[in-house]
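One letter stands for each residue in the lines below.
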Amino acid sequence: QVQLVQSGGGAVQTGGSLRLSCAASGRTERSYCMGWFLQAPATEREAVATVRSGITTYADSVKGRFTISKDNDKNTLYLQMNNVNPEDSAMYYCGWTPLSGGRCRDFLSGYWGQGTQVNVSS
């Protein structure tokens, strides 16, 4: 089992910056994927950014503004959010899933952090 503990988040003004953190612990696979997902009220979770073996992906809406990174020594995932806008407001979740055959398994069947709220005011 993998435990994911998130920190960061909070309130920020339009154009500001925020950094989310996700510390992983417990038993993990040798190969895995991690990512950040958002969930606005009454919506399904939506991928913001993912990373595996140094390969990153981003949703079109955050390209050039958000950066996903991982500190392997600390086993911690980060999401640097720059130039935020009110549309970025949501609950953000850190996700973990095994890597199989060069593909990430479905994050929805993996493990999740507790979530952290991001609220961007205009």
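Predicted model only: the values in this text are computed from it and were never measured. Position numbers for residues start from 1 in each chain and track the written sequence from start to end. Per-residue local features are limited, in this predicted model, to residues with pLDDT of at least 70; the limit for side-chain atom pairs, both in listing and counting, is 80 or more; totals at the level of whole chains, interfaces and linings are taken over all residues. Excluding hydrogens and water, the side-chain figures rest on all heavy atoms present in the structure.

Further remarks concern the state of the cysteines. Two cysteine sulfur atoms make up a disulfide if the distance between them is within 2.5 Å. Enumeration over the complete set of coordinates arrives at two disulfides. The disulfide bridge from Cys33 ends at Cys104, spanning 2.1 Å between sulfur atoms. Around the S-S axis, the bridge from Cys33 to Cys104 shows a dihedral of about -95° and counts as left-handed. Note that Cys33 is positioned in strand E4 (residues 32-39) and Cys104 in strand E10 (residues 103-104), a separation of 71 residues in sequence. Think of it in three bands: with a 1.4 Å probe and only protein chains considered, a residue is buried below 20% of the maximum accessible area for its type, exposed above 50%, and partly exposed in between. According to the relative accessible area criterion, Cys33 is buried, its value standing at 0%. Among the residues examined, Cys104 registers a relative accessible area of 34% and is labelled partly exposed. For the protein, the disulfide bridges join cysteines in the arrangement 1-3, 2-4, where the cysteines are counted in sequence order. A helix here means a DSSP run of H or I that spans at least four residues, while a strand means a run of E at least two residues long, and both kinds are numbered starting from the N terminus.

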